[in-house]
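Breakdown of the fold
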Amino acid sequence: MTYPHALQYLCYDWHQDNIKLANSDRIRQLWGCLPDDAASTPPPFLIALPKTKQGHATALFLSSVLATANVCCAHLIEPTAAEPKPSFTQLRSHFLLDGQPIPPSALLPSCQSLAAAEQRMLRPQGEHLSGEERCTIVLTHCLSRLGCRVILWEGAPDSAAVSLLLCLLPHALGLTVVSDTDSAQLPLRFLCRGIREVVCTNCDSATYRTISDACVRAECRLSFVSIKECRRSVCRPASQVMDYRNIEGCRLSCGAPSATHAAMLATEVLLTLRRHGLAVNDDAIRQGLSQAVLPLYFAVCAIHPLLFADCIETPLDLPGCVENLRAMQQLTDERCRLIVQPELQEALTPLLLQISLVDENTPEQDVFTLIVGSEPFLQQSLATFAPRMRRL
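The sections below set out a description of the structure shown in this document. (Residues numbered from 1 in each chain as written. Predicted model: local features only at pLDDT ≥ 70, side-chain atom pairs only at ≥ 80, totals over all residues. Heavy atoms only, no water.)

1. Some details on the overall build of the protein
Filter applied, for reference: Labels follow the DSSP assignment, with helices taken as runs of H or I lasting at least four residues and strands as runs of E lasting at least two, numbered in each case from the N terminus. Three labels apply to residues, based on accessible area from a 1.4 Å probe with only protein chains included: buried if under 20% of the type maximum, exposed if over 50%, partly exposed otherwise in between. Contacts are residue-level and defined by heavy atoms, with any inter-residue pair within 4.5 Å sufficient. Residue-level accessible areas treat just the shown protein chains as cover; the underlying method is Shrake-Rupley with a 1.4 Å probe.
Along the protein, the regular secondary structure elements total 14 helices and 17 strands. Residues classed as buried in the protein amount to 53% of the 392 residues present. Contacts in the protein between residues at least 24 apart in sequence constitute 71% of all its contacts with a sequence separation of at least 6. In the structure as shown, the protein presents an accessible area of about 17900 Å², 52% of it carried by carbon and sulfur atoms.

Following this line, the structure appears as structure tokens:
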């Protein structure tokens, strides 16, 4: 099987009425027929993260720490509705192993084995796998063969792919992270799908009680991250030093409060993994958090004029952006000139009632500027500032 043929197999879905999807028992039988090249390797830890800005930042902190500790880690990002099918570009940007794209040569043996097993076991019964199931099985089998110890999955809390991963790896530790607005949207039925640990932060007391009761019923352990256990000092708008639990002196490259929350979540996840036997010591956590890079995450792009850029892809990320803006305003004691992507303006306006803003005619030396929007919008806007920017 060549790589183009593998992509065609992963992308293709049957649409005939007489073809039905395989059920979970048949999928487990299919999985058992695939070559087991890593029988002696412990099952990986599966970390399910919300596909939000803070979820992504938490994943970046985790990836950095695990790389520092020499732990083989895969970072998988669930495709959006606009890109539902696998492609070479998507495989390079969405599926990473130790920070690098998973090479096609590593995927081909798993893809070929699955195609042969599906042809032999499912087709005679008129069953088949969906494209999402094929991708998930191939990736999971490939990562198992490569000795992956931690799988970070960014996606919807009730993602079918997470359920399938837990179906394929019944002895893996399933852990999900709940933060900010995600806590109110957590489908509690998700706790019955094999997740055994929940790390939760920043939710109100009623939501916390709901999640806690659901965890008790599902016999699932709940860890709560409390901001009261964190001490931080902002060195300048571009960095901060954070102490959380016994992990002290973590110098983060972003001074925004939401970066602190993401680092706390990552630390809590790592302490949970360590409780389950993963070798990650305090020095690795401290160094990994300090070395993590959060691109365009309330980033300081210039100091004269003082210019921030915050990459926002969905309105769900706007409350965190406003929290960061309020903290930066207190730190700099200056008013803000706000440049917002038009599609986000309506959702952002109600959140800005207590924020001191100025119009575009105010002299630059008296204010700082914040640009909010998608990455293409930020790049376009930053280009207009480039001639008069003095970078850090």
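2. With respect to helix H9 (residues 205–217)
Stated precisely, the cut-off is as follows: A helix is expected to span 1.5 Å multiplied by its residue count minus one. Arc definition: it is the arc formed by the directions from the helix axis to the C-beta atoms.
A rise of 1.5 Å per residue sets the reference length of H9, with its 13 residues, at 18 Å; its end C-alpha atoms lie 18 Å apart and thus fit the reference within 8%. Along H9, the residues that are buried comprise Thr207, Ile211, Ala214 and Cys215. Seen along its axis, H9 keeps its buried residues to an arc of 100°; they face one direction. Counted as exposed and oriented over 90 degrees from the buried face of H9: Arg209, Val216 and Arg217. A positive phi of about 55° marks glutamate 219, the residue just after H9.

3. What about the environment of histidine 56?
Along the polypeptide, histidine 56 turns up in helix H3 (residues 53–68). By relative accessible area, histidine 56 is classed as partly exposed at 30%. Separated by 97 residues in the primary sequence, histidine 56 and tryptophan 153 place their C-alpha atoms 9.7 Å from one another. Setting aside residues no more than four positions away along its own chain, histidine 56 makes contact with Pro50, His75, Ile77 and Glu154.

4. Digging into the environment of cysteine 72
With respect to the helices, strands and loops of the structure, cysteine 72 is situated in the loop between H3 and strand E3 (73–77). Look at cysteine 72 and you get buried, because its relative accessible area is 16%. Note: C-alpha distance between cysteine 72 and arginine 149 (77 residues apart in sequence) is 5.5 Å. Leave out the neighbours within four places in its chain, and cysteine 72 touches Leu97, Asp98, Leu146, Gly147, Cys148, Arg149 and Val150.

5. Topic: the sheet that holds strand E16 (residues 335–340)
Convention followed: Paired strands are those between which DSSP finds at least two bridges. Helix axes use the C-alpha atoms of the stretch in contact, all axes being lines fitted to C-alpha atoms, and the angles between their N-to-C directions lie in the range 0 to 180 degrees.
The four strands are arranged E14-E15-E17-E16 in an open sheet whose pairing can be described as mixed. Of all the strands in the sheet, just strand E14 (299–303) and E16 have a single pairing partner and so form its edges. Averaged over all adjacent pairs, the angle separating strand axes in this sheet is 20°, with direction ignored. With five bridges joining them, strand E15 (residues 306–311) and strand E17 (residues 367–373) adopt parallel strand pairing. The residue bridging alanine 309 from the neighbouring strand is isoleucine 371, located in E17.

6. Describing the nonpolar core
Note the threshold: The term nonpolar core refers to a set of buried residues drawn from Ala, Val, Leu, Ile, Met, Phe, Trp, Tyr and Cys, joined through side-chain atoms within 4.5 Å.
Membership of the largest hydrophobic core comes to 60 residues, with the highest contact counts inside it found for Phe61, Val150, Val280 and Leu289. Ranked by residues supplied to this core, first place goes to helix H10 (residues 257–275) with ten residues. Excluding residues within four positions of it along the chain, valine 280 makes contact with Val65, Leu66, Ala69, Val71, Leu270, Arg274 and Ile285. Core analysis: the second largest hydrophobic core is formed by 43 residues, Leu10, Leu76, Leu107 and Leu166 among them.

7. Let's talk about the pattern of salt bridges
For clarity, the cut-off: Salt bridges are defined by distance alone: a side-chain nitrogen of Lys or Arg within 4 Å of a carboxyl oxygen of Asp or Glu.
A full pass over the atoms with the stated rule returns seven salt bridges. Here aspartate 310 ties to lysine 53 by a salt bridge, and the two come within 2.0 Å at their closest N and O atoms. Placement of aspartate 310 in strand E15 and of lysine 53 in helix H3 is noted, with a sequence separation of 257 residues between them. For lysine 53, a relative accessible area of 13% gives the class buried. Three or more residues joined by partner-sharing salt bridges are found here, namely Arg231, Asp243 and Glu248.

8. Details of the pairing of E17
For E17, a buried count of seven out of seven residues is recorded, marking the element as mostly surrounded by other parts of the structure. Neither face of E17 is exposed, since Val367, Thr369, Ile371 and Gly373 on one face and Phe368, Leu370 and Val372 on the opposite face are all buried. Taken together, the six bridges between E16 and E17 define a ladder with parallel strand orientation. Its bridge partner being in E17, valine 340 is matched across the sheet by valine 372.

9. Section: the packing of aromatic side chains
Filter applied, for reference: Aromatic rings from Phe, Tyr and Trp, with only the six-membered ring used for Trp, were paired whenever their centres fell within 6.5 Å, and each pair was classed as stacked if the ring planes differed by under 30 degrees, edge-to-face if by over 60, and tilted otherwise. Criterion for a charge above a ring: Lys NZ or Arg CZ within 6 Å of the ring centre, and within 35 degrees of the ring normal.
Per the stated rule, a full pass over the model turns up two aromatic pairs. Aromatic side chains phenylalanine 298 and phenylalanine 308 sit 5.2 Å apart centroid to centroid with 45° between the ring planes, which places their arrangement in the tilted category. With phenylalanine 298 in the loop between helix H11 (282–291) and E14 and phenylalanine 308 in strand E15, this residue pair connects regions lying ten residues apart in the sequence. Consider the rings of phenylalanine 308 and phenylalanine 368, whose centres lie 5.4 Å apart with planes at 80°: the pair is edge-to-face. Taken together, the residues phenylalanine 308 in strand E15 and phenylalanine 368 in strand E17 connect sequence positions 60 residues apart. Lysine 53 extends its terminal NZ or CZ atom over the ring of tyrosine 297, reaching a point 4.6 Å from the ring centre.

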